[in-house]
Each structure stands twice: as C-alpha cells, then as structure tokens.
Amino acid sequence: MTSLSLLSRFKGALVGAVLGDCIGAYFEFEWAPSIEKEKIVNLVNKIEAESKKDKKKKVWEFTDDTAMTRSVARSLIAHPDFSSVDMAKKFTEEYHKEPDRGYGNAVITIFEKLKASDYKDIYKPASEQFDGQGSYGNGGAMRISPAPLLAQREEDNDKITKIELTDKITRLTHTHRDAINGAVMQSLAINLALKCHEEVDIDNFVDTLKSDMAKVEEKSRSKLPKPDTEDGAEVEEFPYCKVLETVREYAKQEQKPDMKDINDNLGTEISALKSVPAALFSFLRASKYGDDFKDRNPFERTMMLSISLGGDTDTIATMAGAIAGACYGINVIPESWQTCCEGVSDAIEFAEELHKLQGK
Ligand code: RVK
Ligand code: MG
Ligand code: MG
C-alpha cells in the first residue's frame, strides 16, 4: 500500500462516496438497529450480476448526498480559493434542476431563500434555520469529501486549511455546532486516511483525530452558539472527543459488536453527531475485522458494514466510503459496483481535476 498514488486515493475517496450513497440509499431508513447481513449480501450480489449483463444495466441512482458533493467539487475546481457565492449558487441550481433527490426537509428553505435574495447575504438563511439554532443535520458532513482532497495542498502552501474550508462550506447550510464539527471530523478523517500507509493503526488514527478534535471543540465552546437541550440539561462540550473513545472501543474489540449497542451509543440518525461516528467506526472496524463479510476486501467490508447498521444508510455509507476510498485507493473498488452506480465517471473526473490543483 505504500506505493499507492495520491491520485488513486483521490479517485477512491470520491468514487467511494458515490457508491456509498447509491448503494446505501436502497436501505435508507430501513429499521435500525441493523439490516440482516443476507439482505446486504443479496444486494451486492445483484449489483455484481447486473454488471455482467450485456444489455442495458440497471443503475443505482444517487441522492442529495452526491448531488451536493458534486456541487462542492465543481465549485472548488472552478474556485480553488473558495467562492461562497459560487458554491451556494451551485447547491441552489442543482436542487432546482433535480429537486427529487431526497433532500433534508429543512435545507430546502435555504435554497429558496438564497434564490429569492439573489445570493445577497449568503450565510444568513442557514443561520435562521430552526429559530436561529441552525441545522444539526449531517448534510454538511455528507458532502465534504472534495474539501480535504483540495486542502491536501495546504501542507506545502499557505492555502486555506481543511478546517477553515470545511467550516465555510458547511455554514452555507448548517450553523449548528454539531453539524459544523461533524463535517470537520469527517474532513479530518479523510485527510488522515489519505496518509495511511501500512495497515490502519486504529489507536493512532483515533488518537490523532481526537487530538485535532479537542482543539476544534475547545474553539467552538466560545465561537459557535451553544446548542439547546430540550430538558435544559448541561450541554456536552466535547461530544466528538467523547464519542471517539466509543468508536475506538467498538472498532478494536475482539468479538463482533452488537448492532444495538452501535445504534444506542454511536447512532445512525440524520444528525451529524449521531452518524459521523458510525461512518468512522465502519471504516476502522472493517480495516481489521471481517465479521459478517469475511470474503470481502476492507473497502467492500466498510461499505457493507456501514449499510448494515441501518438508519441513515446512504449518508453513513457515503461518509464511510469516502474515508475507505481515500485509504485504499480506486483499485480495490469493484468495477462491477462502479458500472452500476450513477455518477462514478464524474467523480473520477473531479478527482483528476482536484489532483491537478495540488501544488498550485
Ligand atoms: C433525507 C430540530 C433538526 C435540527 C434542529 C432535523 C437526506 C430536521 C440525506 C431536518 C441526509 C433534518 C440528510 C435534516 C441530510 C436538523 N432542531 N430538528 N436544530 N436540525 N433537524 O433539513 O442536509 O436524507 O428534521 O438541515 O442536514 O441523505 O429536516 O438537511 O441523510 O434534521 O437528508 O436536516 O439532511 P436538514 P441535511
Ligand atoms: Mg441522501
Ligand atoms: Mg441520508
């Protein structure tokens, strides 16, 4: 794996994200705590059989997760120094072109307001969501994969950093602390995965992420509005650092984790805090253990495990797929899956364009 090129990893990340969305969407919101492994295996077998057909193949379609990721990619490629207006326009135009991609209920209001205001005050509509609390949905994290790829160049240059960039992209639609920090954690995880050389070292991965997230969460204590709690209970100030310990525990334990425990303690919901950790868990667990999918490679296992958790399957699988793809590269991603999912060739093109921007 040491010789894996950055380009292969970029392709892996963006293709992994598309596949997670297309395949995961098949089970979206099927009842948690888990989806039987047979159902996942059957679906994957069906995709693989379909790919062998000579005649017109069935195509698994992408949802809002990919629709928005494509806008992030297109906008960053056109404006590598980031243009909030261009990205907001791309989100809005894409939504109006294909409104039936399964967007979150509330985010649609933002697109309407942005269009009506002619993109005058770009960050205002998001800040007005949920009585000013902002959306805590995972819509920021689900679409962020192109950002850490572009920001990979920050290490050599004085460019916009991955955290800054992730923050600016996310705040176009999500201003809740947990949505922003969830997108940041997903972005940092992809960045770390791009650098994995040998076998994934789970402790090292979690330690590095936790140390970065401690700084991020420390900053957000004063900067971002504190989320409300329904019962007025104390707000957890370092929720992502806390849940990372649970992720570590479930990823490392010898016996296969109980899916109900994963759902109770990590979550598989539409909120960022209750879905970004599940995606990371899927990647880390599948890097070491075969569990239910022993005959599959670690990329395939990541995808299948992330979907089997149930709940917000398209989004958890898109995030898990992006991390796994960044780690293992495009060559381990089955051709058959790529052939049968919508948007793969565009994802490869975006990866190539983002790769060309390295060092510029
Ligand atoms: C359908 C109360 C809140 C909240 C807050 C709830 C697609 C709302 C994708 C809202 C992803 C929902 C997902 C989603 C991405 C958020 N108080 N409830 N402060 N903040 N919610 O609309 O882009 O699947 O019920 O901002 O984050 O596949 O409708 O959209 O799974 O979370 O949607 O939040 O959603 P939105 P998003
Ligand atoms: Mg979706
Ligand atoms: Mg979803």
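Residues numbered from 1 in each chain as written. Chains lettered and ligands numbered in written order. Predicted model: local features only at pLDDT ≥ 70, side-chain atom pairs only at ≥ 80, totals over all residues. Heavy atoms only, no water.

Next up on the list: the environment of A189. When you line up the elements, A189 lands in helix 10 (residues 177–194). Of the residues examined, A189 reaches a relative accessible area of 2% and is grouped as buried. Distance in space between the C-alpha atoms of A189 and V44 is 26 Å, their sequence separation being 145 residues. Excluding residues that lie within four positions of it along the chain, A189 makes contacts with F205, L209, L280 and I323. (Helix = DSSP H or I, 4+ residues; strand = E, 2+ residues; numbered from the N terminus. Buried < 20%, exposed > 50% of the residue type's maximum accessible area, 1.4 Å probe, protein only. Contact = heavy atoms within 4.5 Å.)

For the rest of this paragraph, the subject is the UniProt feature "binding site: Mg(2+)" (unreviewed entry) in the protein. Feature annotation in UniProt places "binding site: Mg(2+)" (unreviewed entry) on T63, D64, D65, D312, D314 and T315, given in this structure's numbering. Across 253 residues of sequence, these annotated residues stay compact in space, with a maximum C-alpha separation of 12.6 Å. As for the annotated residues, the ones lining the second largest pocket are D64, D65, D312, D314 and T315. Along the polypeptide, T63 turns up in the loop between helix 2 (37–51) and helix 3 (64–78). In this structure T63 comes out as buried when scored by relative accessible area, which is 9%. (UniProt positions renumbered as here; feature names shortened; annotations may be inferred. 1 Å grid on protein atoms, 1.4 Å probe; cavity = no way out; pocket = protein on both sides within 12 Å on 5 of 7 lines; lining within 4 Å.)

Those protein atoms acting as donors to the magnesium ion (ligand 2) are T63 (OG1), D64 (OD), D65 (OD) and D314 (OD), and they sit at 2.1 to 2.3 Å. Counting the intervening residues between successive donors of the magnesium ion (ligand 2) yields the motif T-D-D-x248-D. Classification of D64 by relative accessible area gives buried; the value is 6%. (Donors = N, O, S within 2.8 Å, 3.2 Å for Na, K, Ca; no water.)

This brings us to the nonpolar core. L19, L76, F205, L280 and L284 are the most contacted members of the largest nonpolar core, which totals 108 residues. With 10 residues, the top contributor of residues to this core is helix 16 (residues 313–328). Discounting chain neighbours no more than four positions away, the residues touching L76 are F82, M87, P146, A147, L150, L165, I169, L354 and L357. (Core = buried A, V, L, I, M, F, W, Y, C linked by side-chain atoms within 4.5 Å.)

Here the magnesium ion (ligand 3) is held by the protein donor atoms D312 (OD), D314 (OD) and T315 (OG1), which lie 2.0 to 2.2 Å from it. All donor residues of the magnesium ion (ligand 3) come from one chain, and their arrangement in sequence is D-x1-D-T.

By secondary structure assignment, the location of E48 is in helix 2. When residues no more than four places from it in sequence are discounted, the contact partners of E48 are R296, S336 and W337.

The subject of this paragraph is the layout of surface pockets. Each pocket or cavity is described by its volume, and for the second largest pocket that value is around 490 Å³. Together, 26 residues line the second largest pocket, and G104, N105, A106, G137 and I270 are the ones closest to its centre. Mapped onto the lining of the second largest pocket, the elements with two or more residues apiece are helix 3, helix 7 (139–142) and helix 16. Looking at the lining of the second largest pocket element by element, the count peaks at three residues for helix 3. Here the residues of the lining of the second largest pocket are counted per class, giving nine nonpolar, 12 polar and five charged. (Points joined across faces, edges and corners; volume = space filled by probe spheres on them. Nonpolar A, V, L, I, M, F, W, Y, C, P; charged D, E, K, R; others polar.)

In total, this model carries 29 salt bridges according to the counting rule given. Among the salt bridges present, the one from K356 reaches E353, with a minimum N-O distance of 3.1 Å. Of the two residues, K356 and E353 both sit in helix 18 (residues 344–356), three residues apart, roughly one turn of that helix. On the basis of relative accessible area, E353 is assigned to the partly exposed category, the value being 31%. Here the salt bridges share partners, and the residues they tie into one network are D203, D207, K210, E245, R248 and K252. (Salt bridge = Lys/Arg side-chain N within 4 Å of Asp/Glu carboxyl O.)

A word on the packing of aromatic side chains. Per the counting criterion, the structure on display carries seven aromatic pairs. Look at Y95 and Y103: their rings are 5.1 Å apart centre to centre, the planes differ by 90°, and that puts the pair in the edge-to-face class. Residue Y95 is classed as buried on the basis of its relative accessible area, which comes to 9%. Pairing F205 with F283 gives two aromatic rings, centres 5.6 Å apart and planes at 55°, and the pair type is tilted. Of the two residues, F205 sits in helix 11 (residues 202–223) while F283 sits in helix 14 (residues 276–288), which places them 78 residues apart along the sequence. (Phe/Tyr/Trp six-rings, centres within 6.5 Å; stacked < 30°, edge-to-face > 60°.)

One way to put it is that helix 14 packs onto helix 16 with a least axis distance of 8 Å and a crossing angle of 40°. Taken as axis vectors, helix 14 and helix 16 run oblique relative to one another. Both helix 14 and helix 16 take part in a crossing whose hand is right-handed. Taken together, the residues of helix 16 that come into contact with helix 14 (itself represented by V276, A278, A279, L280, S282, F283 and S287) are I316, M319, A320, I323, A324, C327 and Y328. (Axes fitted to C-alpha atoms, helices over the stretch in contact; angles between N-to-C directions. Parallel < 35°, antiparallel > 145°, perpendicular 65-115°, else oblique. Left-handed = near helix turned anticlockwise from the far one by under 90°.)

For ligand 1, the set of nearby residues contains 22 residues, the closest of which are A106, S135, Y136, H174 and D312. Here G134 contributes a backbone N or O atom positioned 3.0 Å from a nitrogen atom of ligand 1. The contact in question runs from an oxygen atom of ligand 1 to an N or O atom on the backbone of G139, over 3.0 Å. In isolation ligand 1 offers 730 Å² of accessible surface; the protein chains occlude 84% of this area. More than half of the atoms of ligand 1 fall within 2 Å of the grid points belonging to the second largest pocket. Looking at the shell around ligand 1, its residues break down into six nonpolar, 11 polar and five charged. (Near = heavy atom within 4 Å. Polar contact = N/O pair within 3.5 Å; in protein donor to acceptor, adjacent residues only side chain to side chain. Areas by Shrake-Rupley, 256 points an atom, 1.4 Å probe, with all protein chains shown as cover. Sits in = over half its atoms within 2 Å of the grid points.)

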